[in-house]
Amino acid sequence: MPLSCPDTDNAMPSPASRPRRCPRRCAGNSHAPLALHELSKRSLCRGFSDEISDINQEDFEIVWVSAASMPVVRMLREVAGRMLQGPACGCRTPALPCRFLGTSPRQIPADANFHSTSFSEADPPRVLITGGLGQLGVGLASFLRKRFGKDNVILSDIRKPPEHVFLSGPFIYSDILDYKNLRETVVNNRVTWLFHYSALLSAVGEANVSLARAVNITGLHNVLDVAAEHGLRLFVPSTIGAFGPTSPRNPAPDLCIQRPRTIYGVSKVHAELMGEYYYYRYGLDFRCLRYPGIISADSQPGGGTTDYAVQIFHSAVKNGRFECNLEPGTRLPMMYIDDCLRATLEVMEAPAESLSMRTYNINAMSFTPAELAQEVLKHIPEFQITYNVDSVRQAIADSWPMNFDDSNARKDWGWKHDFDLPELVTTMLNFHGSESRIAQAN
Ligand SMILES: NC(=O)C1=CN([C@@H]2O[C@H](COP(=O)(O)OP(=O)(O)OC[C@H]3O[C@@H](n4cnc5c(N)ncnc54)[C@H](O)[C@@H]3O)[C@@H](O)[C@H]2O)C=CC1
Ligand SMILES: CC(=O)[C@H](N)C(=O)O
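Residues numbered from 1 in each chain as written. Chains lettered and ligands numbered in written order. Predicted model: local features only at pLDDT ≥ 70, side-chain atom pairs only at ≥ 80, totals over all residues. Heavy atoms only, no water.

Visitor: Give me the lowdown on the overall build of the protein chain, citing residues and values where you can.
Guide: From N to C terminus, the protein chain includes 17 helices and 13 strands. Burial status across the protein chain gives 52% buried among its 442 residues. For the protein chain, contacts bridging at least 24 residues in sequence account for 79% of all contacts bridging at least 6. Summed over all atoms, the accessible surface of the protein chain reaches about 20,200 Å², with 52% contributed by carbon and sulfur. (Helix = DSSP H or I, 4+ residues; strand = E, 2+ residues; numbered from the N terminus. Buried < 20%, exposed > 50% of the residue type's maximum accessible area, 1.4 Å probe, protein only. Contact = heavy atoms within 4.5 Å. Areas by Shrake-Rupley, 256 points an atom, 1.4 Å probe, with all protein chains shown as cover.)

Following this line, the structure appears as structure tokens:
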């Protein structure tokens, strides 16, 4: 039921105008500006609570969604007008519980503090990583624990951790689809920074669209709300998959047409836009990097299109050959995990004033399966690669950028990669070589 108000509709807060102090100084906190529809719903709860106390939730929803009837529109306009004359913080407590609002968006409580928590060496952040048992999370936890201390970094996931992960530092079960559980985790552990890694990647997402939609979109909404409510600094990774066939592909700049054709890509564009919206709207300290395909030695990829570039090393060392599921000439941007994790920490530690954007491309190298195989051959002369193309993955790869323009990240916060293709291949083969020598010795 869109009610429009020129005063509020055109008054998009700029980051410079935040945070806002409540003029009434209730609890001494700052508050998020409330959308007009939220104001009017709150007013309905407050001003008319007595009158509507005997209607049930269905009645309320019908009033709300089918308010074409003039008396209802008039009533809402009146209460909205009244609210607009009142304090902008909406700091009074609704007379009705929020759940009474049924399908309405979850409201950010009036006592939320929208400042991102500051961090100094003496006072390290308390970190939560969601979806931390995938390809990247365990490495991120170990990297952050070196910087902030073991007990300040909590890994979470819905899966059971392997023993060495469980023993390496704090781990808790946390399902991002369970808002209450997520909130409890943040509150009980005094979390100040959240790295949101839970997701279904591109190939598995296409195989299970409804689960991908739930985890990647509904889950993100939960994370955004908890982060805004508790003033967290929030990192959400995006991907080369957030671009599509109509984006410039060689290279893809930060700002261009984004029309991905996978549920994964659509959910990541959604995350980029929602994070940026929460930043402008509520002052949420949202930071996002678009990762290339990430290549790691000691963790397995979770069902993406770039997985071949991880699996090839394991197969090359173990069997001397590899069957690739992409065509030999498929060029994609890639990055070694150490560069990825360092970039993630660097952007999280970057001074706010150095960030001209909320979402940055980061890049390191770009290669095809044939070029990668050539580089492997330099170390394993008997290595053989064959191709058995997976049409779903190939179609996805063909719609993604071949190269990434990350000049803004380099300019704004000094991004610089360490690993190019030769260093990547040497590092990966050394790791798998020593692993297999250890296995043989045992
Ligand atoms: N690995 C890569 O090449 C790239 C990864 N990214 C992004 O980085 C993040 C981490 O990626 P990976 O570690 O590779 O992903 P992954 O697929 O290996 O791991 C994702 C994790 O999320 C967990 N998860 C699923 N549903 C959940 C739920 N309801 N609640 C909590 N956790 C849940 C899974 O159990 C899994 O451990 C993802 O957001 C991904 O989109 C972006 C670009 C490249
Ligand atoms: C590049 C990614 O986001 C991921 N590795 C995938 O291939 O889905």
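From this point, the discussion proceeds with the structure in view.
Visitor: Give me the site of ligand 2: which residues, what numbers.
Guide: Taken together, Leu201, Ser202, Thr239, Ile240, Tyr264, Gly293, Gly304, Thr305, Thr306 and Trp400 are the residues near ligand 2. The contact in question runs from an oxygen atom of ligand 2 to an N or O atom on the side chain of Ser202, over 2.5 Å. Contact between ligand 2 and Thr306: a nitrogen atom at 2.9 Å from a side-chain N or O atom of the residue. Residue composition of the shell around ligand 2, grouped by class: four nonpolar, six polar and no charged. (Near = heavy atom within 4 Å. Polar contact = N/O pair within 3.5 Å; in protein donor to acceptor, adjacent residues only side chain to side chain. Nonpolar A, V, L, I, M, F, W, Y, C, P; charged D, E, K, R; others polar.)

Visitor: Tell me about the sheet that holds strand S12 (residues 365–367), and name the residues and values.
Guide: Strands pair in a sheet through their backbones, by hydrogen bonds, and they do so in one of two ways: parallel or antiparallel. Across the sheet, which stays open at both edges, the three strands sit in the order S8-S10-S12 with mixed pairing between neighbours. Where the open sheet ends on each side, the last strands, each with one partner, are strand S8 (293–295) and S12. Strand after strand, the sheet turns through a mean of 45° between neighbouring axes, direction not considered. Pairing of strand S10 (residues 332–336) with S12, which is carried by three bridges, proceeds in the antiparallel orientation. Looking at S12, one finds that Leu332 is bridged to Phe367. In the packing of helix H13 (residues 337–349) onto the sheet, contacts are made with S8 and S10, and the angle to S10 comes to roughly 80°. (Pairing = 2+ DSSP bridges. Axes fitted to C-alpha atoms, helices over the stretch in contact; angles between N-to-C directions.)

Visitor: Explain the pattern of salt bridges to me, and be specific about the residues and the numbers.
Guide: Scanning all chains against the criterion turns up 15 salt bridges. Salt-bridge contacts for Arg342 lead to Glu346; the nearest nitrogen and oxygen are separated by 3.0 Å. Of this pair, Arg342 and Glu346 are both found in helix H13, four residues apart, which corresponds to roughly one turn of the helix. Residue class for Glu346 comes out partly exposed when judged on its relative accessible area of 26%. (Salt bridge = Lys/Arg side-chain N within 4 Å of Asp/Glu carboxyl O.)

Visitor: I'd like a description of the site of ligand 1, backed by residues and values.
Guide: Neighbouring ligand 1 are 26 residues, the closest being Gln135, Asp157, Arg159, Asp175 and Tyr264. One of the backbone nitrogen or oxygen atoms of Leu136 is found 2.9 Å away from an oxygen atom of ligand 1. Elements with a minimum of two residues in the shell around ligand 1: strand S6 (238–239), helix H11 (263–282) and S8. Looking at the shell around ligand 1 residue by residue, the class counts come to 13 nonpolar, nine polar and four charged.

Visitor: Go over the nonpolar core, please, and point to the residues and values.
Guide: In terms of nonpolar packing, the biggest core is built from 70 residues, with Ile129, Phe313, Phe367 and Trp413 touching the most fellow members. Top element by residues in this core is H13. It accounts for seven residues. Look past the residues within four positions of Phe313 in its chain and what remains in contact with it is Ile295, Leu372, Val376, Leu424, Val425, Met428, Leu429 and His432. Among the nonpolar cores identified, the runner-up in size contains 27 residues, and Ile176, Leu224, Ala228 and Ala271 belong to it. (Core = buried A, V, L, I, M, F, W, Y, C linked by side-chain atoms within 4.5 Å.)

Visitor: So, the packing of aromatic side chains: which residues are in play, and what are the values?
Guide: Tallied over the entire structure, the rule returns twelve aromatic pairs. Ring-pair connections join several aromatic residues into one group, and the members of that group are Phe148, Trp193, Phe195, Tyr197, Phe235 and Tyr291. Across the ring face of Tyr279, the terminal group of Arg358 is positioned such that the distance to the ring centre comes to 3.9 Å. (Phe/Tyr/Trp six-rings, centres within 6.5 Å; stacked < 30°, edge-to-face > 60°. Lys NZ or Arg CZ within 6 Å of the ring centre and 35° of its normal.)

Visitor: Outline the environment of Lys318, listing residues and values.
Guide: Relative to the helices and strands, Lys318 resides in helix H12 (residues 308–319). Separated by 90 residues in sequence, Lys318 and Ala228 have C-alpha atoms that sit 47 Å apart.

Visitor: For the environment of Arg410, give the residues involved together with the corresponding values.
Guide: Turning to its location among the elements, Arg410 is positioned in helix H16 (residues 407–413). Look at Arg410 and you get partly exposed, because its relative accessible area is 30%. Spatially, the C-alpha atom of Arg410 lies 30 Å from that of His221, the residues being 189 residues apart in sequence. With near-sequence residues (within four places) excluded, Arg410 lies in contact with Asn363, Trp415, Lys416 and His417.

Visitor: For the pairing of strand S4 (residues 193–196), give the residues involved together with the corresponding values.
Guide: Residues Trp193 and Phe195 line one face of S4 and the alternating positions Leu194 and His196 line the opposite face, and both faces are buried. Two strands pair when backbone bridges link them, and strand S1 (residues 127–130) and S4 are joined in this way by four bridges, in the parallel orientation. What sits directly across from Val127, in S4, is Trp193. Note that S4 and strand S5 (residues 233–235) share three bridges and pair parallel. When the bridges of S5 are listed, Phe195 appears paired with Phe235.

Function cannot be inferred from these measures alone, as they are strictly geometric.
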